Amino acid sequence: MTQAPVKTGEPVGTDTDILAVAREQVLERGVGLTQEQTLDVLRLSDDRLEELLALAHDVRMKWCGPEVEVEGIISLKTGGCPEDCHFCSQSGLFQSPVRAAWLDIPSLVEAAKQTAKSGATEFCIVAAVRGPDARLMAQVAAGVEAIRNEVDIQVACSLGMLTQEQVDQLAAMGVHRYNHNLETAKSHFPNVVTTHTWEERWDTLRMVREAGMEVCCGGILGMGETLEQRAEFAAQLASLEPDEVPLNFLNPRPGTPFGDLEVLPAAEALKAVAAFRLALPRTMLRFAGGREITLGDLGAKQGILGGINAVIVGNYLTTLGRPAEADLDLLGELKMPIKALNETL
C-alpha cells in the first residue's frame, strides 16, 4: 500500500499527518522532506512542537549519531565591508558602531589555543570582506601555518566570495572547511543584499566543493522571510548537499536596515530547527548566532534535543554568545559526547 500524498494545510490526525509521513520517510528511510513537506512542518501548531522536536532528535540520533561538533570562530578582519547585507553591523555602508580592525597573527594563534582548550575541534577564521585581496590571503596563509604549527585543531575559513585561484590556494594551505552562507532563500535574497547576487555565492560554494574542501553553508532566520521562503531555503540547502549548515537567528543590530525587526519567537525558531533537520537528515546542523536572544538557556537545550548536533561556543563576530563552559556543561548533562578531532578528518 503506497503512502497518500501530503497536502499542505491538511488537518493533523489524518492518514496524511506530516509527522507520520516524516517518521516513515525520514526516520525510517533517511529521505529528507521535500520543500512542500517542510512547509507543512513549519505550519504545524505550537501544541505539536514537543512531538516535532522528539522526532527531529530521533532522526539526528539515527542518521548522525550522538556526537556534537564544537567550533570556535574569530574575526581576522572586522568591519569596513563594502557589501550591504542588511543584517550585518560590519558593513561600511551603515551607521553601526563596528569599525574596521585587523587581528595580528599571535592573537589569532592564541584564540585558536583557547578554542582548542574548550574541547572544540574546529576553528574558523572569518573576514568581513566581499572577497579576499592579496593582503588578506597572505594574512590567512600566515595564520593557518602558525596555527597548524602550534595547535591541534582543524582550520576553517570564511572570507567571502572567491576566485578559482583563491579556492586552490586555500585548499593547498590545508583549510579543512569553507563557510559561505547563502543567508536566505533565493527568492528573498534581493530583500537582504543588493550589492551581489545569490548566484555569486552559489558559484563560490561549487568551486569549494570541487576543490575537495568541506562545504559549510547556512543562513539567518527571522529576516522577514515567509514560511514558504523558509521551506524554499531548506530545499535549496538540501540540493547543495553541504557538510554543515549553521543556523543563525537574527539578532537585530543597531544602525543596520534590519535593526528594528522583531526577534523570532522561540517556538517558531525551534520549529524551524526541527524542520531543517527533517529536510537534511544526515547533515551537521549547527547552532550559531542569535540563539541566546531568540531561545535563551532552555531553548538551547530544546534545540540540541530537537535536531542540532553542532554548536559554536563562546562569542560570535560582533555579538556575545553563551560562555563556552555553559554549552559544554549542557552537553555533559545531556550525555552528548564532543566529537573527537580524528573523527573530523
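Residues numbered from 1 in each chain as written. Predicted model: local features only at pLDDT ≥ 70, side-chain atom pairs only at ≥ 80, totals over all residues. Heavy atoms only, no water.

What to know about the environment of Val155
With respect to the helices and strands, Val155 occurs in strand β4 (residues 154-158). Residue classification places Val155 among the buried residues on the basis of a relative accessible area of 1%. In this structure the C-alpha to C-alpha distance between Val155 and Glu122, which are 33 residues apart in sequence, comes to 6.0 Å. (Helix = DSSP H or I, 4+ residues; strand = E, 2+ residues; numbered from the N terminus. Buried < 20%, exposed > 50% of the residue type's maximum accessible area, 1.4 Å probe, protein only.)

Considerations on helix α9 (residues 266-279)
One full turn of an α-helix is made of 3.6 residues, so residues set three or four places apart face in the same direction. When the terminal C-alpha atoms of α9 are compared, their 20 Å separation across 14 residues agrees well with the 20 Å that a helix rising 1.5 Å per residue should span. Along α9, 11 of the 14 residues are buried, which leaves the element largely enclosed by surrounding structure. By the burial criterion, the buried members of α9 are Ala269, Leu270, Lys271, Ala272, Val273, Ala274, Ala275, Phe276, Arg277, Leu278 and Ala279. (Expected span 1.5 Å × (residues − 1).)

Side note on the pattern of salt bridges
Tallied over the full model, the rule gives 23 salt bridges. Of the charged contacts, one joins Glu210 and Arg206 as a salt bridge, the two residues approaching to 3.5 Å between their closest N and O atoms. Of this pair, Glu210 and Arg206 are both found in helix α7 (residues 198-210), four residues apart, which corresponds to roughly one turn of the helix. Assessed through its relative accessible area of 58%, Glu210 is described here as exposed. Given a relative accessible area of 37%, Arg206 falls into the partly exposed group. The salt bridge partner of Asp243 is Arg209, with a shortest N-O separation of 3.9 Å. Of this pair, Asp243 sits in the loop between α8 (227-240) and β8 (244-249) while Arg209 sits in helix α7, and the two are 34 residues apart along the sequence. Here Asp243 falls in the partly exposed class, since its relative accessible area comes to 32%. (Salt bridge = Lys/Arg side-chain N within 4 Å of Asp/Glu carboxyl O.)

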